[in-house]
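Observations on the three-dimensional arrangement
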Amino acid sequence: MNYYILTTDSDPIVPLLEALQEYGGYILDAPAIDTHNIAIENGIKEEFLTTYGYKFSGTSGDFFDDVNQLFQALASVQNNSPSSIGGGGTPRRPLAPPLGEPTACRVCGS
């Protein structure tokens, strides 16, 4: 994606845009709701607030408008498969290492 075509008004949209461009993301279809969600690591909400002075979530403001514009510019990869991960071609970044065996579930307590 050429992010220079986006008209952004918030500084934090650039790292989000670059992360999606370099590493990709997943689209989950939920026809009952018209929303987008971004999974983030623990502590990011606080870091975002400290760094930029406003919340990561919300329903208005420059960052909200930029995220909406960004999501409208995303394109779905149609040829993703085990033999062409991420759609084939030369990856922009190395693939993640294989996941290890699960150890314990922090949420469920097992």
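Residues numbered from 1 in each chain as written. Predicted model: local features only at pLDDT ≥ 70, side-chain atom pairs only at ≥ 80, totals over all residues. Heavy atoms only, no water.

Quick look at the overall build of the protein
From N to C terminus, the protein includes three helices and zero strands. Secondary structure elements in the protein, listed N-terminal to C-terminal, are α-α-α. Looking at the protein as a whole, 15% of its 110 residues qualify as buried. Counting contacts in the protein only where the partners sit at least 6 residues apart, residues at least 24 apart contribute 64% of the total. (Helix = DSSP H or I, 4+ residues; strand = E, 2+ residues; numbered from the N terminus. Buried < 20%, exposed > 50% of the residue type's maximum accessible area, 1.4 Å probe, protein only. Contact = heavy atoms within 4.5 Å.)

Here's the deal with the nonpolar core
By size, the foremost hydrophobic cluster in this structure holds eight residues: Ile13, Leu16, Leu17, Phe48, Phe56, Phe63, Val67 and Leu70. Mapped by element, the contributors of at least two residues to this core are helix H1 (13-23) and helix H3 (62-73). Ignoring sequence-local partners within four residues, the contact set of Phe56 consists of Ile38, Ile40, Phe48 and Phe63. (Core = buried A, V, L, I, M, F, W, Y, C linked by side-chain atoms within 4.5 Å.)

Remarks on the pattern of salt bridges
Scanning the entire structure with this criterion turns up two salt bridges. As a salt-bridge pair, Arg92 and Glu22 come within 2.8 Å of each other at their nearest N and O atoms. Taken together, the residues Arg92 in the segment after H3 and Glu22 in helix H1 connect sequence positions 70 residues apart. Through salt bridges with shared partners, a single ionic network connects Glu22, Arg92 and Arg93. (Salt bridge = Lys/Arg side-chain N within 4 Å of Asp/Glu carboxyl O.)

Observations regarding the side chain of Ser84
Note on placement: Ser84 falls in the segment after H3. Engagement of the side chain of Ser84 in a polar contact is seen with the backbone oxygen of Asn79, the distance being 2.6 Å. (Polar contact = N/O pair within 3.5 Å; in protein donor to acceptor, adjacent residues only side chain to side chain.)

As for H1
Among all positions in H1, only Ile13, Leu16, Leu17, Gln21 and Glu22 are buried. In this fold, the buried residues of H1 make contact with H3. Just downstream of H1, Gly24 is the residue with a positive phi angle, here 85 degrees.

Some words on the packing of aromatic side chains
Summed over the entire model, instances satisfying the criterion amount to six aromatic pairs. On the basis of an interplanar angle of 50 degrees and a centroid distance of 5.0 Å, the ring pair of Phe48 and Tyr52 is categorised as tilted. Here Phe48 pairs with Tyr52, and both are found in helix H2 (residues 44-52), just four residues apart, close to one helical turn. Phe48 sits in the buried class, given a relative accessible area of 6%. (Phe/Tyr/Trp six-rings, centres within 6.5 Å; stacked < 30°, edge-to-face > 60°.)

Some words on the packing of H1 against H3
It is at 10 Å that the axes of H1 and H3 come closest, and there the two elements cross at 20 degrees. With respect to H3, the element H1 is oriented roughly parallel. Here H1 and H3 pass one another in a crossing that is right-handed. In this structure, H1 contributes Ile13, Leu16, Leu17 and Leu20 to the contact, and H3 contributes Phe63, Asp66, Val67 and Leu70. In terms of residue class, the contact of H1 with H3 is made up of seven nonpolar, no polar and one charged. (Axes fitted to C-alpha atoms, helices over the stretch in contact; angles between N-to-C directions. Parallel < 35°, antiparallel > 145°, perpendicular 65-115°, else oblique. Left-handed = near helix turned anticlockwise from the far one by under 90°. Nonpolar A, V, L, I, M, F, W, Y, C, P; charged D, E, K, R; others polar.)

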